[in-house]
Structure formats: C-alpha cells, structure tokens
Amino acid sequence: MNMNELEIRVADPWKQGLAAGWKVTNASTLDQDLTVECDVVIVGTGAGGGTTAEILAQAGLSVVMVEEGILKTSDQFNLDEREAYRDLYQEGVARASKDGAIGILQGRSVGGTTTVNWTSSFRTPDATLRHWAERFGVKGASPAEMAPWFAKMETRLNVHKWAMPPNVNNNILKSGCEKLGYSWEIIPRNVNGCWNLGYCGMGCPTNAKQSMLVTTLPAALTAGAQLFWRLRAERVALQGDRVTGVDCVALDAHGQSPTGRRVSIRARHTVMAGGGINTPGLLLRSKVPDPHQRVGKRTFLHVVPGVFAQFGEDVNPFWGAPQSVYSDHFQWEHVADGPIGFKLEVMPMHPGLSAALMGTHGSQHLADMQALPRTNAMLALLRDGFHDDSPGGSVELRDDGAPVLDYPVNDYILEGARRAHRAIIDIQFAAGAQRVRPLTSDPRWFASAAEARAALDAHPYAPHHVKLASAHVMGGCCMGEDPRVAVCDSRGRYHHLRDLSVLDGSLFPTSIGANPQLSIYGLVARLATGLAGELKAG
Amino acid sequence: MRAPPMPPADPGRRDFLQLSLGGSLVLGLAGGMATLSGCAREAATAQGFHVLRPQDLPLVSRLLGGALDGALPTEPAARADAVQRTLASFDRLLHDTSPGVRGMFLQLLDLLDLGITRGPLFGLWKSWDDASDADAGAVLQRLAGSRVGFLRGAYNGLTTMTTMAWYLDAANVPAAIYPGPPKKVIA
Ligand SMILES: Cc1cc2nc3c(=O)[nH]c(=O)nc-3n(C[C@H](O)[C@H](O)[C@H](O)COP(=O)(O)OP(=O)(O)OC[C@H]3O[C@@H](n4cnc5c(N)ncnc54)[C@H](O)[C@@H]3O)c2cc1C
Ligand code: SF4
C-alpha cells in the first residue's frame, strides 16, 4: 500500500513518564548556574550511554545523564526530513571529515544515534573479537565471553531476524546475490511491532524501534536517574590523577550557542559516552594526560562507497524497513592481511538526502530525481582498521573547541571503493537493473556491466572524485592493555586517570565489520555491569 | 569465490594529489591577498537572513538557478519567487549546521565572489550581479569536470547545499518523485 495514506496514532511513553515525575531538565531554560552531585555522571545518551544508565541506575546508584542534543519523542516525530536533520543529527547532517571527502552521519539528540539508526542488529563478528585479542591485547571479549552479553541485549531490545518480506530496495540485493551465487542473509532488527514504514532515520513515529529513547533511558529515569538535555559537557574536572565529574555549559534552544549558564556535575565516577569523534573531542578539550598521544587516533568509519541503479518498475526506496538483507560475500576472505573486506547493504532514499547524494546539477539532477521511485541505492561498508594500511583518522579540535575528524582517504581505501563498485554493479544488473551509476565524479549512467567496468577502470580514484560517506563512527579511544597503543584498558577505564571510563563505540580498536549498535550494547552491558559491581562494593 | 583481483594503481593519481594541494595553496594565498589588500568582506548578515551576507545573495541566487535548472519554474516572476524562497531555505541549512561547517562554507562563497579568485578558479569573469543562471550553470559544469580535488570538493558542497535547499521543502517535491510520509496524529 501507499505509506502516505497511512495514519499513525501512537501513545508517547515520555508523556506518561514526565507526568509521573521523571527528573528531566531542559538546560536551555536554566536561569542560574547549578552544581549537582551523584555517584555517576554519563555524558551522552546513545547506545553506550543509554545502556550504561539503565544498568547503573537499576543497581541503585545515583545517575546523572548529560545530553547536548534535543529531547524529541514520538509525538514530535513528524517524518519531516529537514526537521530531522536539523534536530537529530550532528552539525545538521553536514558533518564531514576535515577535507570534506567523507560525509559523516551521526546522531545528536536524546537517544543519540539510536534515535535515527536503521535498526540493523549484528553481534560483533568472531573474527573481529579474535583480532582485538591478538593484535590489541583486549581481555575478556572473546566470542565465548561476549555471547551471553549479546544474548542479554538481544532480549532487552527485541532483536529478531526481520520476518516480513524485504522491500523492493532490499530484495534487489537478495535476488542479485542469488543469481550470482553469492551468500546473503536476512538482517536481525531491534523492533517491536514495526509498521514497516521506513522512517527510522527521522525518529521512529510508532515507537516500534527499540532505540535507547524508548527502552533504557525510560528505565533509567524510572529508576531515579536524572537527565539534562541541551547541556554540553565542556571539560572533565580533574583533581590530581582523579576525575571528579564534568563541567558543562547550557546551550540555547537552537542548540548551538551557550546561554552562559553552567552546570558542574561532581561524581564518584565519570562515564564518557558521547560516541566517536565527540568522546575523544571532549578528552582533547579537557587536556587530560595523554603521554603517547593516543586520544582520537584510530578512528574508523566503515567508509561507504555506493552505486545507484534504475529499474523498469517501482522500487519506492523511501518506504519499508530500511535494511533487511545483507551480504558478507566479500567480507572475510582476508581478515587483516589483504585488500579491504566489505559488507553489502542498501539504504533508504528520501528526497532531501537523495538530492545531495546524486552529486549532479541542472537537468541531469532533475532527471535523476524524477527516477527516484525506480532507484535502488546499494552500499558497501569498507571494514577499515584491520590492515596496517588502514590506520583510520585522528580527531582534532577546531579553533572553537569542536572536534573534527582528519581521515586521509588513502589508496587502500580507494581500491576498496573500486572493488566494491564493481561488485555492486554486477549484483544490480543480475537483479534486473536497466542502468547503473557508481557514485563518483563521473555523472554518466551505464547500461551494461561491461561499460560500467570500463569507466571505473579509467576513473581517477582520488578523494572528492569518489562519493564516500559514513554512518558508523567507531574508535578514537581504543581499548587494550598497552597504553602506548590504547587509550583505555579492556574494562574501558582511561589508562592515565582514575574514576574515568569510556563506554561507547569509541572503544573499538578497529571497525566492526557489521553495523555497530549491538557491538556497543553487548560490550557496554558487560563493562557497565562490572563498573556497577565495583562502585557498589565501595 | 575469491574477491576480484586488485586493479593496477591509477597512474594519474599523484598528479591529482599535487593539483589538489595546489588548490588549497591558491585558497590560502587568495585569502591572504584579500586581507592584505584591505578588501574587507562584509561580515554582517543580510536583512531577513540568519547567515547569508548581502554579497552572498546574488551569488547564491544564481547558483540556485544553475543547480536547479529544470526544477525551478520558467515563468520569470514564479522563478524569482521560488529562488527567493529557496535562498531562505539555503540560509536555514547554514544556520542549522555547526559554526565550523558554516565558516568553511562562507569561505567558499568568498572565493566564488572575490574578483581575484572568481575568474581564475571558477571561470567567471564578471560579477555575480551581472551573471545569469546560465553563467552559474557554466561555473558548476566547470567544477564538475575539474580534475582538481579541491574544486571537485567545492562542486560537491555547492550541489549538496543547493539541491537540499530545494528538495527539503516538501512543497517542491512532486508526488511522482516522492508521495510523502504517512500522516502523524497525536494520540
Ligand atoms: C542514519 C544512521 C543509521 C544507522 N543505522 C544503524 C543500524 O541499522 N545498525 C547499527 O548497528 N548501527 C547503525 N547506525 C550506527 C549506530 O547507531 C551508532 O554506531 C551508535 O548509536 C553509536 O553509539 P555511541 O554510544 O557510540 O554514540 P551515539 O549513539 O552517537 O550517542 C552519543 C550521544 O552523545 C551526545 N554527546 C556527544 N558529546 C557530548 C557532550 N560533550 N556533551 C553532551 N552530550 C554529548 C551526542 O549528542 C549523542 O546524542 C546508524 C547510524 C546512522 C547515523
Ligand atoms: S520501519 Fe519500523 S522501526 Fe522504522 S520507523 Fe517505521 S515503524 Fe519505526
């Protein structure tokens, strides 16, 4: 059916919770400075922060959560692209790597990136966990040790393989792989009563998505935790080699400028869960001891090249569960010693973001937009950080103290993009595409795989000549036992200070090789449970 | 099956890197010269706008005309009206991003506007006040085909902002492109 004929009427759990007395403060309205004391302050309310908050609050610790983004809940999710990008994404969806060569999608609201993510839920691949143990000396995270934590979070967030038929956009990946004899699988999703709408990236209007916004954060608030939003953690507070909390600045309603009001939060333990780029940025801004200059290094992106394909019939890539099929056919041939592996998926296409991705102008842009309903967008997630030629990027601070990621797009990544383009083209034509357009600076469409391949062979693979993006920022506070390489130990504790943990995706020593949310939930659930035990004991 | 073999490294790659380095050199020099020559840029925002400055308005209007050619109405009054609306939309996009991104984008607009860079880098030898939508289209076409990384980056930034400014406005998106979302009703 046509989604635009549907009417959504769903109760908003935040309405009830707030009425029942949840402690939630909009810092933009503060008219005085505040000092708050608690057992644990958590910076960030995304995958890592939400998971941590629920576990610590339910263990009976007093918890304060700090989120610089807006609080928006299902009643306000009106499925408008512009509002979603403005309110729910970092830098109004315009975040990019320092030279602008990689667009970076990252969330910025209560619920963090889980408020806008697409619900694909994969356990950390065994090969990745083994690599971390072997190369980075990570302890306690072997596949066997992690399995119960993934299982626990799968239950908590209702992760199941998607049971409905994939939408046409996803089915193209499936049928192309089948024709070519490539492996493919159905994606597990963290949803409960999903309406199969396709608007996960704008805030789920039905609360079906089991994001932090409707699961762990309400549970933490019900257990007595306190939430400040539109409050930015500016610096960690230091006393000798101890961290004693965070100093925060209130932001105005628009979310960009400080109002001048400050909130000092003093805590026995401080947890950073601001996500990749932002967590290392906060540490850099705080000028914490970093004798080996490791903070912000090894930041990974699952750098994404893509190909558009036009079909003879409707794809309607804007509707239906955004991701339900994947292929790891090109993923694990080499773990760390060969060309980069990649996961294949598709992406949902709404007009605003599609317009930007087209990378053309004038009459061609219009023609490409007019074909949107018949367009499939297939992506490869390049598994960066495993090979020595893939050191990732480093986080730096701009003049105003805001973090920015310098991610040099090197030959290793570019050759991966070229191989991925070729692989995707084959799949799209096998699935019946009429013509394809690899997303490069070459605006042409190609009606056969041979033509497309020839063009790709001749194409200059260089930064800005290949469209690259990322929705998965990982690493930058690498965990491991060797402080010359790692920022945190295997429990997420900062190597050079006491009472400071990092509990989010920035802990990963490499990228994951799968969409990262469940990797964060599982790892953080384990580490936060350990932290709760220690804090309770004394 | 095994992954396809790696294609040979592109022999032209080094040139690109050097050229794009050259691009940023030009940028730095031009900025410096503009400052030295006392060619101060108007920093105040234009009336009714959050971010765009008076000198940005003709430039961005023409770029919208070039980037959205075909999508914009052709009848002159309707076209002018649509450009004006989209200018405001473009301004809001800049307003809603971070100070860092905003600052970089304004620098790019300066390069497009300043006489000493506009001609050599963008191939436009007249002021934006005298330029037509077709001139702006030619600038975009030149950037699109450039082998210089920095100029290609400029193309990506300009097309992203102009096309998003248009397509993020639901009124501009015909049902044949996107029939729209389900209706949300507060329960
Ligand atoms: C469009 C999109 C789709 C995605 N789809 C999937 C998917 O299908 N499956 C999947 O596994 N992953 C997906 N992801 C990625 C996944 O959601 C993220 O990797 C994950 O949420 C990261 O968790 P995190 O805890 O590291 O940080 P986040 O979830 O990003 O949370 C960090 C929070 O901290 C806040 N913050 C940062 N710094 C500060 C500060 N100084 N003060 C106060 N607050 C601060 C931020 O505003 C943010 O809200 C997607 C991402 C995007 C953008
Ligand atoms: S597809 Fe499902 S989870 Fe995503 S927005 Fe729609 S109802 Fe929510």
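Above this note sits the structure.
What counts and what doesn't
Residues numbered from 1 in each chain as written. Chains lettered and ligands numbered in written order. Predicted model: local features only at pLDDT ≥ 70, side-chain atom pairs only at ≥ 80, totals over all residues. Heavy atoms only, no water. Contact = heavy atoms within 4.5 Å. Buried area = accessible area lost by both parts, 1.4 Å probe. Salt bridge = Lys/Arg side-chain N within 4 Å of Asp/Glu carboxyl O. Polar contact = N/O pair within 3.5 Å; in protein donor to acceptor, adjacent residues only side chain to side chain. Helix = DSSP H or I, 4+ residues; strand = E, 2+ residues; numbered from the N terminus. Nonpolar A, V, L, I, M, F, W, Y, C, P; charged D, E, K, R; others polar. Pairing = 2+ DSSP bridges. Near = heavy atom within 4 Å. Areas by Shrake-Rupley, 256 points an atom, 1.4 Å probe, with all protein chains shown as cover. Axes fitted to C-alpha atoms, helices over the stretch in contact; angles between N-to-C directions. Buried < 20%, exposed > 50% of the residue type's maximum accessible area, 1.4 Å probe, protein only.

Things to note about the interface of chain A and chain B
Where interface size is given, it is often the accessible area lost as the parts come together that is meant. Taken together, the 68 residues of chain A in the interface contact 62 residues of chain B. Between chain A and chain B the total buried area reaches about 5500 Å² when both faces are included, carbon and sulfur atoms providing 57% of it. Across the chain A-chain B interface, the total number found is one salt bridge. For Lys183(B), the salt bridge is made with Glu7(A), and the minimal N-O distance between the two is 3.7 Å. One can count 19 residue pairs in polar contact (both at pLDDT 80 or more) joining chain A with chain B. The set of elements that each furnish at least two residues to the side of chain A that touches chain B consists of strand 1 (7–10), helix 3 (81–88), helix 9 (351–358), helix 10 (362–370) and helix 11 (411–430) of chain A. Grouping the constituent residues of the side of chain A that touches chain B by class yields 31 nonpolar, 20 polar and 17 charged. In the sheet, strand 1 of chain A pairs with strand 1 (residues 183–186) of chain B via four bridges, with the strands oriented parallel.

Remarks on the side chain of Thr73(A)
Residue and element names in this part refer to chain A. On the secondary structure map, Thr73 appears in the loop between strand 4 (63–67) and helix 3. Within polar-contact distance, the side chain of Thr73 engages the side chain of Asp12 at 2.5 Å. Among all residues touching Thr73, those that are not within four sequence positions of it are Asp12, Trp14 and Leu213.

What about the site of ligand 1?
Residues and elements named next belong to chain A. Near ligand 1 there are 41 residues, and of these Gly48, Glu67, Thr113, Ser120 and Gln517 occur at the shortest range. Separating a nitrogen atom of ligand 1 from a backbone N or O atom of Glu68 is a distance of 3.1 Å. Relative to its unbound accessible area of 1000 Å², ligand 1 is 98% covered by the protein chains. At the level of elements, helix 2 (47–58), strand 4, strand 10 (231–239), helix 8 (278–285) and helix 13 (517–537) are the ones that each hand at least two residues to the shell around ligand 1. Here the shell around ligand 1 gets three residues from one element, more than from any other, and that element is strand 10.

Looking at the sheet that holds strand 17 (residues 375–382) of chain A
Residue and element names in this part refer to chain A. If you walk across this open sheet you meet the four strands as 16-17-14-20, and the pairing is antiparallel. The open sheet has two edge strands with one neighbour each: strand 16 (342–346) and strand 20 (435–438). The average angle at which neighbouring strand axes cross in this sheet is 20°, direction not considered. Examined bridge by bridge, strand 14 (residues 306–310) and strand 17 share five bridges and lie antiparallel to one another.

Remarks on helix 8 of chain A
Residue and element names in this part refer to chain A. Counting buried positions over the eight residues of helix 8 gives seven, a clear majority of the element. Those residues of helix 8 that sit buried are Asn278, Thr279, Pro280, Gly281, Leu282, Leu283 and Arg285. Following helix 8 by one or two positions, Lys287 adopts a phi angle in the positive range, close to 50°.

Focus on the site of ligand 2
The full set close to ligand 2 counts 13 residues, and Cys194(A), Leu197(A), Cys200(A), Cys204(A) and Thr206(A) are the nearest of them. In terms of residue class, the shell around ligand 2 is made up of eight nonpolar, three polar and two charged.

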